[in-house]
Number of protein chains: 2
Amino acid sequence: MANLTIKDIAKICGVGTSTVSRAINDDPGINPATKERILRVVEEFHYVPNNAARNLKLTENNAIGVLVKGLNNQFFLSMFRIFEEELGKQGYTFVLKEMASDQDEATVAEALIKEKRLKGIIFMGGMIENPDVTLKRLDIPYVLCTVAVNANVRHSASVSIDDEKESFRIVDYLCSLGHKRIAIITGRKNDYAVGGLRLDGYKRALADYGIPYDANLVGYMKDDIPDFTAKNGYTVMKELLESRVDFTAVYAISDLTAFGAYKAISEAGKKIPDDYSVVGFDGIDLTEYMTPSLTTMAQPKEELAKATVKMLMQEIDGVETEKKVVFDAEFIERDSVKKI
Amino acid sequence: MANLTIKDIAKICGVGTSTVSRAINDDPGINPATKERILRVVEEFHYVPNNAARNLKLTENNAIGVLVKGLNNQFFLSMFRIFEEELGKQGYTFVLKEMASDQDEATVAEALIKEKRLKGIIFMGGMIENPDVTLKRLDIPYVLCTVAVNANVRHSASVSIDDEKESFRIVDYLCSLGHKRIAIITGRKNDYAVGGLRLDGYKRALADYGIPYDANLVGYMKDDIPDFTAKNGYTVMKELLESRVDFTAVYAISDLTAFGAYKAISEAGKKIPDDYSVVGFDGIDLTEYMTPSLTTMAQPKEELAKATVKMLMQEIDGVETEKKVVFDAEFIERDSVKKI
DNA sequence: TACTTCATTGGTAACGTTTCCTATCAACTT
DNA sequence: AAGTTGATAGGAAACGTTACCAATGAAGTA
């Protein structure tokens, strides 16, 4: 039961350790017959190379980190499986790390990189002011997956949707249906990120329709409740409802938030979509089974995740590549919105 | 930027490598003053020990594995953060691995243990027939967290709730309210696990009230849809509704399943709880914001998770300990059930 | 035949730690 | 003063790999 080493295998096969090493690593310069013989022994004795030793020797670890801001966001969770699967195919392992929203990504990343000897890193969620400069000191490849950035990013690889644009589409759709008073539940007030981007799209669509922007119609998520949760959506929606401002539609910046809004609306004795139309964002599985089913802007999770690891692999391999990949989101019309 | 080694630090401080090692590991036999001095240099130069080298030397890795069957279950997800946090405190890292429901836990575990040089392992979900014998060949400590087992487990550490008992409580409650025709949406037909346990409790409560068991009232989750999901609940509920068997209450074995059931009921033009009472199981956050809010049996996630790592730590340290910890679930009465 | 080439192979020095063992030296003991 | 203790320190071997280099021998060439 004691763990075998490469030396044991070498002895059993009557060859040198380097030969065994060559066999198990698919290295060239070995007689196919010998290789075959060694591999059989390896199989038979259940030999597994010691990763620590390998990493030590190679001075690298086949691990990539996933740094997430806002792990509670449903939407991210569904992407991890894809990350694990895709990275696994390439022989990588993945280390998940959550960071608080007030932590600095570069600092956390740097610590994690050293500690886990990461080969690459994926950032998810939140906002990184100016990744080109902030992340410059990281000495490994990274890619930003659905993180908000300021414009003019040139050197940082990123994959995401165009939050402002897709947000515009939603509000544009609402307007086209005749809605003029549209409330929005957006992110925390002092936390730009996707909340800010989506709010921008909202404003632009309104302007496009010549509808004046009314600050009373925007509800910011509460700082003291985890953001992007049903609870936060519920709380903000309730306030909106009680504030007695007039509106016919609510655009919740995430599906879970919309879910909470449903509750508040129902408690107020109002009906969706008759009294209020509501639309969400992200496209999590749940939305299909809400009553009424939620109209939402679905992010292409799988494409996003796959593109992210592909991009990271290319960065690691030093392949010159497109730095910014933007996918289209898919607008799913369901039963939570009505024409006015 | 190149990574420093212990030798560099030693040179800078003008001491030997062993002294540095002693300093950073809080080992005894070092002059506090020297230690202080070394630690300051370590800090200043951002030295981080190479884990690979450390693991190689120690022939062990401070990693523990979490093997999950049914990662899609909402409920598990909320426990990972606690695992990460608690394990982190003890200086452990955690490796998450999902396994398909038809994979053998012992085999998967064994491979993972060798590959990642795990020091301990946590199993979550699914069913392990007879862990005492099946898992005997694992040569590291493990604990079963919310996995269904056959009775008579003596040597395997486990923490969970008593699924049969809590399930009994639910149905007992329903009966006490006058319900006599109670449908249940349980796990897959050929997959015992918690589904079986909870079904057992259902049967016992019925018997207790002298209500005959009616196979027409039990809906099994579909094999071709991920289990414990809203979609599966929706599908099964719809069938139940269309089968025209008569019932006044539905007990869904998981909250997400209940969520799907809500949809099917609403589509059939029926009302909760007026036409059908429904109750869920697990107590995920969402339930509070469903309309009507869902009566459910909440598992004490935090206690479960904390007890699991505590137990594992004790097993690793060779502390003689209670082998089986069972927590009570908390029944949360909300608005989805009415008296008949 | 003697020389070169080529495909295989084994030996061994790293990789960066930890830990055992030995060395130093000051402070006590007698 | 000589011997003993105890605290602190450094040297070096080991952990299991990989990769460089040299060695072997068969086959091909002149």
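See the structure shown above.
What you see is a predicted model; the values in this text were computed from it and never measured.

Reading the values: the criteria
- Residues numbered from 1 in each chain as written.
- Chains lettered and ligands numbered in written order.
- Predicted model: local features only at pLDDT ≥ 70, side-chain atom pairs only at ≥ 80, totals over all residues.
- Heavy atoms only, no water.
- Least-squares fit on C-alpha atoms with pLDDT ≥ 70 in both.
- Contact = heavy atoms within 4.5 Å.
- Near = heavy atom within 4 Å.
- Polar contact = N/O pair within 3.5 Å; in protein donor to acceptor, adjacent residues only side chain to side chain.
- Helix = DSSP H or I, 4+ residues; strand = E, 2+ residues; numbered from the N terminus.
- Nonpolar A, V, L, I, M, F, W, Y, C, P; charged D, E, K, R; others polar.
- Expected span 1.5 Å × (residues − 1).
- Buried < 20%, exposed > 50% of the residue type's maximum accessible area, 1.4 Å probe, protein only.
- Phe/Tyr/Trp six-rings, centres within 6.5 Å; stacked < 30°, edge-to-face > 60°.
- Lys NZ or Arg CZ within 6 Å of the ring centre and 35° of its normal.

Chemist: What is the right way to look at the relation of the copies chain A and chain B in this model?
Modeler: Copy one and copy two of the chain differ by a rotation about an axis and a translation along that axis. By a simple turn and slide, chain A fits onto chain B: the slide is 0.0 Å along the axis, the RMSD is 0.1 Å, and the turn is 180°. Within this description, the copies of the chain are treated as partners about a two-fold rotation axis. Scanning chain A for the C-alpha nearest the rotation axis identifies Ala 52 of chain A, at a separation of 2.3 Å. A shared binding surface is used by both copies, with 100% of the interface residues of chain A retained as interface residues in chain B.

Chemist: Mind showing me how you'd approach the protein's contact with DNA strand D here?
Modeler: As a matter of local geometry, DNA strand D sits amid 26 residues, with Ile 6, Ser 21 and Tyr 47 of chain A together with Thr 19 and Thr 34 of chain B nearest to it. Sugar and phosphate atoms constitute 64% of the interface atoms of DNA strand D, taking the interface as everything within 4 Å of the protein. Here a base oxygen of DNA strand D and a side-chain polar atom of Ser 18 of chain B are 3.1 Å apart. Measuring from a phosphate oxygen of DNA strand D, one finds a side-chain N or O atom of Thr 34 of chain B at 2.7 Å. Elements with a contribution of two residues or more to the surface near DNA strand D: helix H2 (17–24) and helix H4 (51–58) of chain A together with helix H2 (17–24) and helix H4 (51–58) of chain B. With 5 residues, the top contributor of residues to the surface near DNA strand D is H4 of chain A. Considered class by class, the residues forming the surface near DNA strand D number 9 nonpolar, 13 polar and 4 charged.

Chemist: What am I meant to see in helix H11 (residues 255–267) of chain A here?
Modeler: Because the α-helix completes a turn every 3.6 residues, residues three or four places apart line up on one side. Residues and elements named next belong to chain A. Its 13 residues place the ends of H11 19 Å apart at the C-alpha level, agreeing with the 18 Å of an ideal helix rising 1.5 Å per residue. Of all 13 residues in H11, 11 are buried, a share of seventy percent or more. When H11 is considered as a whole, its buried residues turn out to be Asp 255, Leu 256, Thr 257, Ala 258, Phe 259, Gly 260, Ala 261, Tyr 262, Lys 263, Ala 264 and Ile 265. Following H11 by one or two positions, Gly 269 has its phi on the positive side, about 75°.

Chemist: Help me out: how do you make sense of the packing of aromatic side chains in this one?
Modeler: In this description, a pair of aromatic rings is defined by centroid distance and the angle of the planes. Applying the stated rule across the entire model yields 15 aromatic pairs over all chains. Measuring from centroid to centroid gives 4.7 Å for Tyr 173 of chain B and Phe 331 of chain B, while their planes differ by 65°, and the two rings are edge-to-face. Of this pair, Tyr 173 of chain B sits in helix H8 (residues 163–176) while Phe 331 of chain B sits in strand S14 (residues 330–332), and the two are 158 residues apart along the sequence. By relative accessible area, which is 14% here, Tyr 173 of chain B ends up buried. Here Arg 198 of chain A stacks its cationic end above the ring of Phe 281 of chain A, 3.7 Å away from the centre of that ring. Directly above the aromatic system of Phe 168 of chain B lies the positively charged group of Arg 204 of chain B, at a separation of 4.0 Å from the ring centroid.

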